[in-house]
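Here are the chains, one letter per residue:
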Amino acid sequence: MAAHLSYGRVNLNVLREAVRRELREFLDKCAGSKAIVWDEYLTGPFGLIAQYSLLKEHEVEKMFTLKGSRLPAADVKNIIFVVRPRLELMDIISENVLSEDRRGPARDFHILFVPRRSLLCEQRLKDLGVLGSFIHREEYSLDLIPFDGDLLSMESEGAFKECYLESDQTSLYHAAKGLMTLQALYGTIPQIFGKGECARQVANMMIRMKREFTGSQNSIFPVFDNLLLLDRNVDLLTPLATQLTYEGLIDEIYGIQNSYVKLPPEKFAPKKQGDGGKDLPTEAKKLQLNSAEELYAEIRDKNFNAVGSVLSKKAKVISAAFEERHNAKTVGEIKQFVSQLPHMQAARGSLANHTSIAELIKDVTTSEDFFDKLTVEQEFMSGIDTDKVSSYIEDCTAQKHPLIKVLRLVCLQSVCNSGLKQKVLDYYKREILQTYGYEHILTLYNLEKAGLLKPQTGGRNTYPTVRKTLRLWMDDVNEQNPTDISYVYSGYAPLSVRLAQLLSRPGWRSIEEVLRILPGPHFEERQPLPTGLQKKRQPGENRVTLIFFLGGVTFAEIAALRFLSQLEDGGTEYVIATTKLINGASWIESLMEKPF
């Protein structure tokens, strides 16, 4: 059991257990000792559902990363390849199988495709002459992975590009499959709302899948009241802006991968007297970040400017708790103090780590460049100077700042102006290509196709209408004790979260005009429930809404949704699902064409 998955209204341990059971069943089919050969990308997501101890219980003795040429030596009966259905991986697998030493003991090969088997991949293995070597060829439908008590992700890194650039709906099919699995475990979701083309397709797939499984009536009492499907391209603006929550900034600066972050080690080295700073560790400090850690759960969603005061209060509480030992006189009191010691020491370690992380972040956020960039972003988002060339972007390009930073800013300006005037757009493109190289012309094409960097058509900027109607910009933000979701960007309220908030109360009918401006259809579907399963809500009981971001979600948006869930009179609690956890840099990077 993972305790942090069961703290919310929806116990996500049920999902974790279901996927663990499926994995155990597959491992038991391959009788005898085993070695697993991993597609490297899958090791992170798998680590969230099955630690090595579980694999060990099922006779997994060795683990290797999938690489070309020969497999490392291992005295095992079974070799299991756990891979995504990618053609280039099939070539490596066949190389591994063909280079197997025929003189050695015969080993059984198996292949587990995650999340789906692929006929193309099996055909490739057949063409390479190794398909017959595999005894078991199966799929492991790991669609939605529980990251936290209210957070699920498919960790499909190419989902946005596939959907919007390549018109490939594979990830939408996996999303629909994942939602069907959730409904099998947590009951049918009575109402589905959606906005965007991909949302419409996922809803259609779900309805079709439900029709195909008519034989089995779902008799589980529904846990979710609503499902909201949201396309990422309905709100292209939010991921481009710099996140200003504690967790958002950790992700912006260091990148959080599968709930782990790697940090510079020197901040975490224990300080010894007279050491003179020699023998500093060189390996990055790796920390797991989730709500299992009490302090992190408290500060992760706060605006970074409100984190310092929480840390200093915590430091006082912890030192006062340790001082209590002097007051423990009787054996009973000493015993009680000793029993609390492990918890107190863990709290002290946690505080030391987060104080170090906060110092690292502060070094960045207090720099002049960070302030200049934030100023420009906030001017764009509040509608200032969005229609002319920005001198800050010119300077960044001239000084050859990282290309992703420049692209993020140009795209942000374009989105806040419903596209750029042709001469402004041409100027930016010319500057970027001349400074960073002409091979990036394909990247600019991708950004244009995705709607991030485009000429203004129809000559009208619709962003101000959207901004005013949805109250996307708030001038007086209370970062310490927020009253509105705009605190996560110190002024800008994420459009996606504002849509969710307005759907909950007073409903989307109040914003029909804006919904027509935003791309893609908006719709509502009802899934009838058998009698006896209809929910009668108790007075004061909140609705539970599952909100699914198709194309990625940022930690700042997650923080804003958690803020809404915790409101006294909010009326709705949110569970968040997504194709991928993203930030502006990783999102733009996924759209960049790698130069040959």
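Before any of the text, the structure's been laid out above.
This one's a predicted model, so the numbers in the text were calculated from it and none came from an experiment.

What counts and how
- Residues numbered from 1 in each chain as written.
- Predicted model: local features only at pLDDT ≥ 70, side-chain atom pairs only at ≥ 80, totals over all residues.
- Heavy atoms only, no water.
- Helix = DSSP H or I, 4+ residues; strand = E, 2+ residues; numbered from the N terminus.
- Buried < 20%, exposed > 50% of the residue type's maximum accessible area, 1.4 Å probe, protein only.
- Contact = heavy atoms within 4.5 Å.
- Areas by Shrake-Rupley, 256 points an atom, 1.4 Å probe, with all protein chains shown as cover.
- Lys, Arg positive; Asp, Glu negative; His and termini not counted.
- Charge placed at Lys NZ, Arg CZ, Asp CG, Glu CD.
- 1 Å grid on protein atoms, 1.4 Å probe; cavity = no way out; pocket = protein on both sides within 12 Å on 5 of 7 lines; lining within 4 Å.
- Points joined across faces, edges and corners; volume = space filled by probe spheres on them.
- Nonpolar A, V, L, I, M, F, W, Y, C, P; charged D, E, K, R; others polar.
- Axes fitted to C-alpha atoms, helices over the stretch in contact; angles between N-to-C directions.
- Parallel < 35°, antiparallel > 145°, perpendicular 65-115°, else oblique.
- Left-handed = near helix turned anticlockwise from the far one by under 90°.

Visitor: Kindly report on the overall build of the chain, identifying the contributing residues and their values.
Guide: Tallying secondary structure elements over the chain gives 22 helices and 15 strands in all. Summarising its shape, the C-alpha atoms of the chain cover approximately 75 × 70 × 65 Å along the three principal directions. When burial is assessed residue by residue, the chain has 53% of its 596 residues classed as buried. For the chain, the share of sequence-separated contacts (at least 6 apart) that also reach a separation of at least 24 residues comes to 79%. Of the roughly 27,700 Å² that the chain leaves accessible, carbon and sulfur atoms contribute 52%. The averaged location of the 77 negative side-chain charges in the chain is 3 Å from the averaged location of its 74 positive side-chain charges.

Visitor: An account of empty space enclosed by the protein is needed here, citing residue identities and associated values.
Guide: One pass over the structure, following the stated rule, counts two cavities of 30 Å³ or more. What the largest cavity holds in volume is close to 70 Å³. Phe147, Asp148, Leu151, Glu247, Ile256, Ser259, Leu289, Asn290, Arg300, Phe555 and Leu581 are the residues that line the largest cavity. Among the residues making up the lining of the largest cavity, the classes are represented as six nonpolar, two polar and three charged.

Visitor: Describe the packing of helix 13 (residues 368–381) against helix 15 (residues 403–415), naming the residues involved and giving the relevant values.
Guide: Relative orientation of the contacting elements helix 13 and helix 15 amounts to 20°, with a least axis distance of 9 Å. In this view, helix 13 runs roughly parallel relative to helix 15, as classed from their interaxial angle. For the crossing formed where helix 13 meets helix 15, the hand is left-handed. On helix 15, the residues that touch Asp369, Lys373, Val376, Glu377, Phe380 and Met381 of helix 13 are Lys405, Leu409, Leu412 and Gln413.

Visitor: Just give me the short version of the side chain of lysine 405, but keep the residues and values in it.
Guide: Tracing the backbone shows lysine 405 in helix 15. In contact with lysine 405, not counting residues within four places along its chain, are Asp369, Lys373, Tyr392 and Cys396.

Visitor: Any chance you could break down the packing of helix 7 (residues 170–186) against helix 8 (residues 197–212) for me, citing the residues and the numbers?
Guide: Helix packing for two helices is described by the angle between their axes and how far apart those axes are. It is the contact of helix 7 with helix 8, at a shortest axis distance of 9 Å, that shows an interaxial angle of 50°. As judged from the angle between their axes, helix 7 and helix 8 are oblique. Remark: the crossing between helix 7 and helix 8 carries right-handed chirality. Facing Leu172, Tyr173, Ala176, Lys177, Leu179, Met180 and Gln183 of helix 7, the residues of helix 8 in contact are Cys198, Gln201, Val202, Met205, Met206, Met209 and Lys210.

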